Number of protein chains: 2
Amino acid sequence: MSEVRTQALACRDAAQAMFALDSDSKRKLLRDMATALEEGRDAILAANRRDVQQAAAKGVQGAMLDRLRLDDTRVIGMAGAVREVAALPDPVGLVTRRETRPNGLDIERVRIPLGVIAMIYEARPNVTADAAALCLMAGNAVILRGGSEAMHSNLAIGRVLQDVLERHDIPAAALTLIEDLRRETMVELLQLSDIVDLAIPRGGEGLIRFVAEHARVPVIKHYKGVCHLYVDAAADEALALNLLVDGKTSRPGVCNALETLLVHRDVAASFLPKAARVLEERGVELRGCERSRAVVAGMRPASDEDYAAEFLDLILAVRVVDDLGVAVGHIQRFGSDHTEVIVTRDESAARRFVQAIRSAVVMVNASSRFSDGGELGLGAEIGISTTRLHAYGPMGAEALTVERFVVRGDGQVRHPQSIVT
Amino acid sequence: MSEVRTQALACRDAAQAMFALDSDSKRKLLRDMATALEEGRDAILAANRRDVQQAAAKGVQGAMLDRLRLDDTRVIGMAGAVREVAALPDPVGLVTRRETRPNGLDIERVRIPLGVIAMIYEARPNVTADAAALCLMAGNAVILRGGSEAMHSNLAIGRVLQDVLERHDIPAAALTLIEDLRRETMVELLQLSDIVDLAIPRGGEGLIRFVAEHARVPVIKHYKGVCHLYVDAAADEALALNLLVDGKTSRPGVCNALETLLVHRDVAASFLPKAARVLEERGVELRGCERSRAVVAGMRPASDEDYAAEFLDLILAVRVVDDLGVAVGHIQRFGSDHTEVIVTRDESAARRFVQAIRSAVVMVNASSRFSDGGELGLGAEIGISTTRLHAYGPMGAEALTVERFVVRGDGQVRHPQSIVT
């Protein structure tokens, strides 16, 4: 049997032990993990220095090197994040519905863990602790396959957490780290459909496509966020301006940042010049359709590629639309099912927008930047699904569970002739 | 562009039209479909006669030929099933949770349709109407790829339903029938991951494995039901006997029939001889472990293959276990995550069983034969998932939807410095 299959089977056995833990035991486990991360930070930082040196020697620099680097503050932040997960409501055991059937059967829908979750991720070592904590809190076992740049850091963090598992009499395999980072080993992991219940890739589009292409286990994908702000004819323009600035400039490199502004033609002449001014003051480059360029001088023309782009940068595509229907059509054609916003004081327009848009998050008069697990009340986030299955939008602990049926009776049979006593 | 991709794209456009329908419009659509099936039954029966003749000429006979055959009663039954779906609660638009965040944002979780569902199924032509009705009621568009034996029947049923769609100003592509039944075309359909939101295979294990193997779109699988009845030390033996007879003999060929009986050693000597007598009277062959064979004379020995088998026949594997823990371990090793039953009057034993068993349906003192969408209150069933993702156990209309986020604010921004007005 291959090494990765052996590891995964041990992880599946450990999943049974995780399933048996009650909420208090899981909280205690996670709080002890947080403490262990703080106490073990010398070893973690030493391992991280090796990763940073090797990456720097390979020519990695700037933001990428910074994302890899840990320091005292970051390790303490990591521990704090684990403590926050320990304080979340436990989704496992939650009875979501209950019904008594006419024959007296009592039917409950109850949440249980998924089982074994494989996280496939890239450079940032804090994902190792974050993802492990959230998976374990939801009663799952987890297989972590991080990037090669952070290998030593991930192993050091993983060992600290595994020690805590063992102290709690849980097999260390409940948190399994894959050290063999060859692509073919990842492919093998992704095809263990009798063992792995879900794979979650986190990283660039290349990684996610690779996982989706090779997986035989279920995958929840998060491709990209091409988020739209539609300024309706009945918009409060001052409010729209605030949402636009927040959506585009507060953190342009993240998936819930705005990429496209759609403006109803009735307000284009009034709104667009103001929008252009505040955005250009903040260094944003605008690329627009002909009608928007007629209102704002010097705007570069926008291509279909611009409308489909996730810029992750201070660039905004702009289009003037005839009505809400055209705005919806544009989003259907170019959107990525992530997050769309309408600004309007017209309740009926808001309702029509919400009813026509099928994205994971649809907002009325609020910033797209709130499309985030923490901001939407999930507490912590394991990813944002743009696949309409199982979970759609930001995923918290609950998305790492599934509902099943618990049925209680007093001897009911389906066919009366089965009664022999 | 390939024919199947062109068809799927048209189906995706039609999904937008289905998403826009309110509950009343969908109910009216389905009721009109039921009437049209009744009124169009001459054409459907004529097409079905062609299928039956061709199948008979190929040597198909017995139960398989019977499953293919339609008559007046069966078409009227099909129409009745569509009417029942029309009367189900509409899952779309259901607000499952609502929260106001400290910053005043109003967050709702609301159910929306999945989008485009591909049904891959085998001989029975009634699936065409059943599956279409349930997918459409949940606001989805559907691609139907049935078996070649029922091709003429499926096309005739599909045309009747498409006529009704068009009369309701919904594109006929909302119900797309794949006429090209080559395997490579099915593979292409299963890889349209930018168009198809979910594939549901219904049929034999070979079909399901083929779909799982080749799909790049999400798949919900239903492999098999190796269902267990565990008779605890504190069981009501008379009740256990009824559940055993119902589970094994009331319809042995279905997935929620019992395949294995586990008996606590304390009650084996008393229970097993009675069980053997009533089962043997009903033609059931028993295959048991050594300890059960010591109590029941003439029982054939059971192999590991027997314990792993979905007999779908009047055969039952039997094992005497030392305690509840061993019963759970047996189910973990040999079970298929479908349905397991404990018979006990001991509340604590029942609780331990429910907490340790991770199958889709776990029952206390009730027949495994109730593990069915209708019996569990779902109204109608599109399949039974043994995959712990999205849906686990019997799937009704709700399993053809997903929750997304609807957020309402009054100008909230994430970063205060974004306020420019």
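Worth saying up front: this structure is predicted, and the values here are computed from it rather than measured.

### Considerations on the side chain of B:Thr387
Inference 1: With respect to the helices, strands and loops of the structure, B:Thr387 is situated in strand S14 (residues 383-389).
Inference 2: Beyond its immediate chain neighbours, meaning those up to four positions away, B:Thr387 contacts A:Pro218, B:Lys221 and B:Tyr392.

### Quick word on helix H2 (residues 23-39) of chain A
All names here are of chain A.
Inference 1: Taking 1.5 Å of rise per residue, 17 residues should cover 24 Å, and H2 covers 24 Å from first to last C-alpha, within 8% of that figure.
Inference 2: Listed as buried for H2 are Lys26, Arg27, Leu29, Leu30, Asp32, Met33, Ala34, Ala36 and Leu37.
Inference 3: Elements that come into contact with the buried residues of H2 comprise helix H1 (3-20), helix H3 (41-57), helix H5 (72-86), helix H6 (126-137) and helix H7 (151-167).

### Topic: the domain arrangement of chain A
Inference 1: Partitioning chain A into domains gives domain 1 (3-220 + 390-405) and domain 2 (227-370).
Inference 2: Just the C-alpha atoms count here: the centres of domain 1 of chain A and domain 2 of chain A sit 36 Å apart.

### Digging into the interface of chain B and chain A
Inference 1: Across the boundary between the two partners, chain B contributes 82 residues, which contact 82 residues of chain A.
Inference 2: Carbon and sulfur atoms supply 53% of the area that chain B and chain A bury against each other, a total of about 7000 Å² over both sides.
Inference 3: If you sort the residues of chain B by the area they bury against chain A, B:Arg358, B:Phe405 and B:Arg414 come out on top, with a joint share of 12%.
Inference 4: If you look at where chain B meets chain A, you find eight salt bridges.
Inference 5: The partner of B:Arg388 in a salt bridge is A:Asp197, and the shortest N-O contact between them spans 3.3 Å.
Inference 6: Scanning the region where chain B abuts chain A turns up 57 residue pairs in polar contact (both at pLDDT 80 or more).
Inference 7: Looking at the side of chain B that touches chain A, the element that brings in the most residues is strand S16 (residues 401-412) of chain B, giving eleven residues.
Inference 8: Among the residues forming the side of chain B that touches chain A, the class breakdown is 39 nonpolar, 22 polar and 21 charged.
Inference 9: In this sheet, S16(B) lies alongside strand S13 (residues 361-366) of chain A in parallel orientation, the contact comprising five bridges.

### What about the pattern of salt bridges?
Inference 1: What the rule picks out here adds up to 62 salt bridges over all chains.
Inference 2: Two residues, A:Arg182 and A:Asp180, come together in a salt bridge whose shortest N-O distance is 2.8 Å.
Inference 3: Across the pair A:Arg333 and A:Asp304 runs a salt bridge whose closest N-O atoms are separated by 2.8 Å. A residue pair is termed long-range when its members are at least 10 positions apart, and A:Arg333 in helix H14 (residues 324-334) and A:Asp304 in helix H13 (residues 304-308) qualify at 29 residues.
Inference 4: Beyond isolated ion pairs, a larger network of salt bridges with shared partners links A:Arg97, A:Arg109, A:Arg111, A:Glu398, A:Glu403, B:Arg97, B:Arg109, B:Arg111, B:Glu398 and B:Glu403.

### Regarding the nonpolar core
Inference 1: Core analysis: the largest hydrophobic core is formed by 138 residues, its most contacted members being A:Leu30, A:Leu37 and B:Leu261.
Inference 2: A per-element tally of this core places H6(A) first, with nine residues.
Inference 3: In this structure A:Leu30 touches A:Val82, A:Val85, A:Ala86, A:Ala133, A:Leu136 and A:Met137, once residues within four positions along its chain are discounted.
Inference 4: Counting residues in hydrophobic clusters, the runner-up holds 137 residues, among them A:Ala235, A:Ala360, B:Ala34 and B:Val116.

### Remarks on the packing of H6(A) against H7(A)
Residue and element names in this part refer to chain A.
Inference 1: Interaxial distance between H6 and H7 falls to 8 Å at its minimum, and their mutual angle equals 35°. Between H6 and H7 lies a crossing of right-handed hand. Contacts between H6 and H7 involve Thr128, Ala129 and Ala132 on the former and, on the latter, Asn154, Ile157 and Leu161.
Inference 2: In the contact of H6 with H7, the residues fall into four nonpolar, two polar and no charged.

Cut-offs used in this document
- Residues numbered from 1 in each chain as written.
- Chains lettered and ligands numbered in written order.
- Predicted model: local features only at pLDDT ≥ 70, side-chain atom pairs only at ≥ 80, totals over all residues.
- Heavy atoms only, no water.
- Helix = DSSP H or I, 4+ residues; strand = E, 2+ residues; numbered from the N terminus.
- Contact = heavy atoms within 4.5 Å.
- Expected span 1.5 Å × (residues − 1).
- Buried < 20%, exposed > 50% of the residue type's maximum accessible area, 1.4 Å probe, protein only.
- Domains from an automatic or database assignment.
- Buried area = accessible area lost by both parts, 1.4 Å probe.
- Salt bridge = Lys/Arg side-chain N within 4 Å of Asp/Glu carboxyl O.
- Polar contact = N/O pair within 3.5 Å; in protein donor to acceptor, adjacent residues only side chain to side chain.
- Nonpolar A, V, L, I, M, F, W, Y, C, P; charged D, E, K, R; others polar.
- Pairing = 2+ DSSP bridges.
- Core = buried A, V, L, I, M, F, W, Y, C linked by side-chain atoms within 4.5 Å.
- Axes fitted to C-alpha atoms, helices over the stretch in contact; angles between N-to-C directions.
- Left-handed = near helix turned anticlockwise from the far one by under 90°.

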